[in-house]
Every structure is written in C-alpha cells, then in structure tokens.
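# Residue-level structure breakdown
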Amino acid sequence: MYINNNIILYYNIIIYMLSNIGNNQVSNKIAEGLSGINHFIQDKSKVNLNEKYLYKNRVSLEERINEGKKLKERYPEKTSVICERSPSEKRLQNLDKNKYLVPNDLTFGQFKYVIRKRMKVDSSVAIFFLYHDNTLPLDSMLMSQVYEDKKEEDGLVYILYSSENTYGTN
C-alpha cells in the first residue's frame, strides 16, 4: 500500500487548522480522528526499501560484495546495475534478466531505452525508475556518475521500475 505524501500533508494541515479553532469538542474529536488516521497512514507507508529489492533478499550481502568486486575488476569500464520491477507493479512484466553491465559512457536515458526495448512495451506506457534512496534518476547522467553517486556497499546500483509513479512514500 503506497500513500502519497500529499495526503499526509493535507491531514497535518487539517489537524493544525482544527486545533486552532478553539475548544470546540467536535473540532477536537475530528482532529483526534484525523491524527489517528495520519498515524495509521504513516505506519503503512513506511516501507524498508531493501525489502523492495528482490535480489537483495535472494543473495547474501557477502555474495553481493564478492560479485560487485569481481565485476568491477573484470569490467572497470562498465557499471553493474540490478534493475527490478517494483513490488507494487501489476501491469508491467518482469524482465527476463535483472543484472546489467552498462557501459560507463552510456546515459541513464539510453539505459532506460534499453530496458523499454527488453520489455517490449508500447511507447504510450510511462515507465518510472527510482534509485534505492527514493530519488528519480536524471536521464542526462552518465552511468559512471550514477555508479559513483548511487552505488551501494556491495558495489552495485539498484533501480526499481513501475508503470505508475507510486513512489510518493518515504
């Protein structure tokens, strides 16, 4: 369940406005109810990003570190990327593979194009990509920059994709 941060913000604004109305019992009860809903939404929207990455769940950290080191030693001119479907995604298919060795001089936009071609999805379908830290990639960034900025402790870059922008949660 993904909750948009705007909903939480609106609830907080309503609670603040109602609490400043005065000692009206009705407004206090409404504010209490909205506060409870707000806490429920925030609890449901807190998702450990590592749980989203299936590869991280299947492969131990030690194995991933070893794999990342080997790949960087063997292919220093390439970036190791794990690209997986978001767990909330229902419409897009899983990729036939999720590990990619991407040339460092390729832009992220070109990498997205490669992923779209592998999925064989219609050009009218919007696909959103997200890094492990809840940030959206810039299409103009070189993969070498992506690697330096977004690599994890195992030396790999993790990216999720989805057909809807459902990444509004923290």
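This structure is a prediction, so every number in the text was calculated from the model and none was measured.

### Thoughts on the environment of Gln110
Position of Gln110 among the secondary structure elements: in helix α6 (residues 108-119). Put simply, Gln110 and Asp139 are 29 residues apart on the chain and 7.6 Å apart in space, counted from C-alpha to C-alpha.

### A word on the nonpolar core
The biggest cluster of nonpolar side chains holds 20 residues, and the ones touching the most others in it are Val81, Cys83, Phe111 and Ile159. Breaking this core down by element, the ones donating at least two residues are β1 (78-85), β2 (99-103), α6, β3 (128-131), α7 (143-150) and β4 (157-162). In terms of residue count, α6 provides more of this core than any other element does, four residues in total. Counting five residues, the second largest nonpolar core, distinct from the first, contains Tyr55, Val59, Ile82 and Tyr158.

### Describing the packing of aromatic side chains
Evaluation of the coordinates by the stated rule reveals five aromatic pairs. For the ring pair Tyr100 and Phe111, a centre distance of 5.9 Å and an interplane angle of 80° mean the geometry is edge-to-face. Of this pair, Tyr100 sits in strand β2 while Phe111 sits in helix α6; the two residues are eleven residues apart in sequence, bridging distant segments of the chain. The exposure class of Phe111 is buried, given its relative accessible area of 1%. When the centroid spacing of 6.5 Å and the interplanar angle of 45° are considered together, the rings of Phe129 and Tyr161 count as tilted.

### A short note on the confidence of the model for the protein chain
Interpreting fine coordinate detail is not advised for predicted regions of low pLDDT. Counting all residues, the mean pLDDT for the protein chain is 78, and 65% of those residues have values of 70 or more. Note that pLDDT drops below 50 for residues 43-47; the model gives that stretch eight contacts with residues more than four away or on any other chain.

### Structural notes on the side chain of Thr79
Along the chain, Thr79 turns up in strand β1. Side chain to side chain, Thr79 and Asn104 meet in a polar contact 2.6 Å long. With sequence-adjacent residues up to four places away left out, Thr79 is seen in contact with Tyr100, Leu101, Val102, Asn104, Met143, Ser144, Tyr147 and Val157.

Basis of the calculations
- Residues numbered from 1 in each chain as written.
- Predicted model: local features only at pLDDT ≥ 70, side-chain atom pairs only at ≥ 80, totals over all residues.
- Heavy atoms only, no water.
- Helix = DSSP H or I, 4+ residues; strand = E, 2+ residues; numbered from the N terminus.
- Core = buried A, V, L, I, M, F, W, Y, C linked by side-chain atoms within 4.5 Å.
- Buried < 20%, exposed > 50% of the residue type's maximum accessible area, 1.4 Å probe, protein only.
- Phe/Tyr/Trp six-rings, centres within 6.5 Å; stacked < 30°, edge-to-face > 60°.
- pLDDT = per-residue confidence, 0-100.
- Contact = heavy atoms within 4.5 Å.
- Polar contact = N/O pair within 3.5 Å; in protein donor to acceptor, adjacent residues only side chain to side chain.

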